[in-house]
Amino acid sequence: LVQDYTRGPVRSDNFSITMNSVDNDTPTEFLRHVVVVDGGESLAPQFGRNIGAKKLSTGNHLLNVYALDGINNQGKAIARLPVLIDNDAPELAWRKKTETVLHKNSTVFEVSARDNVTTDESTFRYNWVLTNADTFEVLHQVQSNTPRQQFTNLPEDTPMGLTVTVSDEAGNESMLEW
């Protein structure tokens, strides 16, 4: 019945199930699949091998999936699929509210990232972009999995701006500027 699916954490708009249903009397393209969410609401039957569930809310869900043939007979197999949906972007804040001061052409920035699914900051992806605040020229760009970033070999007497974009495991993003 189910060939593959996205277990999560995943955004509901990226969630998909790849079906592998077969019926002796109904061509595969005319089989429909029903997704029942948490034992309650049934999503509208969907045609095809790849189906989604775009209306799922953030949290853990148990999906029951079954096939319907061309005359609405329900298949005997029911797939029970646990999935973790994360539709919410991480919350970001600077760790310290003080001004960052250049010391010997280097500086350190640190953010705090929280998410409704995980509190492990190492599961986030951090994209740090340090720019010249006057010309917007990119001075440094670093991708990492740490909430702390040191920049070295910085030009003296140059106003700088920093943008850090943090992505969670589901691909939700938040941005913070300094």
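Up top is the structure these notes are about.
Along each chain, the written sequence defines residue order, and numbers are assigned to residues from 1. In keeping with the predicted nature of the model, local features appear solely for residues at pLDDT of at least 70, side-chain atom pairs appear and are counted solely at 80 or more, and the whole-chain, interface and lining totals rest on all residues. Side-chain numbers here rest on the full set of heavy atoms in the structure, without hydrogens or water.

### Remarks on the overall build of the chain
A run of H or I in DSSP counts as a helix once it spans at least four residues, and a run of E counts as a strand once it spans at least two, with each numbered from the N terminus. Within the chain, the regular secondary structure consists of zero helices and 14 strands. Tracing the chain from N to C terminus, the helices and strands come up as β-β-β-β-β-β-β-β-β-β-β-β-β-β. For 178 residues, the compact-globule formula gives about 16 Å, and the C-alpha radius of gyration of the chain, at 23 Å, lies well above that figure. Taken over the C-alpha atoms alone, the chain extends approximately 75 × 25 × 20 Å along its principal axes. Based on C-alpha atoms, the radius of gyration is set beside the globule rule, defined as 2.2 Å times the residue count to the power 0.38.

### Things to note about the sheet that holds strand β9 (residues 107-114)
Adjacent strands of a sheet pair through backbone hydrogen bonds, lying either parallel or antiparallel. The strand order across the open sheet built from three strands is β8-β9-β12, with neighbouring strands paired in antiparallel fashion. Only two strands of the sheet have a single neighbouring strand rather than two, namely β8 (91-94) and β12 (148-151). Between one strand axis and the next, the sheet turns by 25 degrees as a mean value, whatever way the strands run. In this sheet, β12 lies alongside β9 in antiparallel orientation, the contact comprising four bridges. Each residue of the ladder has a partner; that of glutamate 110, found in β12, is arginine 148. A pair of strands counts as paired when DSSP detects no fewer than two bridges linking them. Simply put, an axis is a line fit to the C-alpha atoms, just over the touching stretch for a helix, and the angle between two N-to-C directions goes from 0 to 180 degrees.

### Re the pairing of strand β6 (residues 59-68)
When a residue's accessible area, from a 1.4 Å probe over protein chains only, is under 20% of the maximum for its type it is buried; when over 50% it is exposed; and in between it is partly exposed. Along β6, eight of the ten residues are buried, which leaves the element largely enclosed by surrounding structure. Judged from the six bridges that link them, strand β3 (residues 32-37) and β6 form a sheet pairing that is antiparallel. Residue pairing in the sheet places arginine 32 in a bridge with leucine 68 of β6. In this structure, β6 lies alongside strand β7 (residues 79-85), joined through seven bridges in antiparallel fashion. Within the sheet, the bridge partner assigned to glycine 59 lies in β7 and is isoleucine 85.

### Description of unusual backbone geometry
Proline 9 follows glycine 8 through a cis peptide bond whose omega is 5 degrees. In this structure, aspartate 157 takes a positive phi of about 55 degrees despite not being glycine. Structurally, aspartate 157 is set in the loop between β12 and β13 (160-167).

### Looking at the sheet that holds strand β1 (residues 2-5)
Ordered in space as β1-β2-β5, the three strands form an open sheet in which the pairing is antiparallel. Every other strand in the sheet has two partners, leaving β1 and β5 (50-51) as the edge strands with one partner each. As judged from the two bridges shared by strand β2 (residues 17-19) and β5, these two strands associate in the antiparallel manner. Among the inter-strand pairings, isoleucine 17 is bridged to a residue of β5, identified as isoleucine 51.

### A closer look at the side chain of serine 21
Mapped onto the secondary structure, serine 21 falls in the loop between β2 and β3. A residue is classified by how much of its surface remains accessible, and serine 21, at 9% relative accessible area, is buried. Of note is the side chain of serine 21, whose polar atom sits 2.8 Å from the side chain of histidine 33. Note on contacts: a residue pair is in contact if any heavy atoms of the two residues lie within 4.5 Å. Setting aside anything within four residues of it in sequence, one finds serine 21 in contact with Leu1, Thr28, Leu31, His33 and Ala67. Any pair of nitrogen or oxygen atoms within 3.5 Å is treated as a polar contact; in protein, a donor-acceptor pairing is required on top of that, and neighbouring residues in sequence qualify only through side-chain atoms on both sides.

### So, the pairing of β13
By the criterion of burial, β13 is predominantly enclosed, with seven of the eight residues buried. Looking at chain direction, strand β10 (residues 125-132) and β13 are connected through eight bridges and run antiparallel. Pairing of threonine 131 across the sheet is with glycine 161, part of β13. Note: β13 against strand β14 (residues 173-177), five bridges, orientation antiparallel. Note that in β14 the partner of serine 167 across the bridge is glutamate 173. In textbook terms, the turn of a hairpin is the stretch between consecutive antiparallel strands, and for β13 and β14 this stretch comprises five residues, one of which, glycine 171, has a positive phi near 95 degrees.

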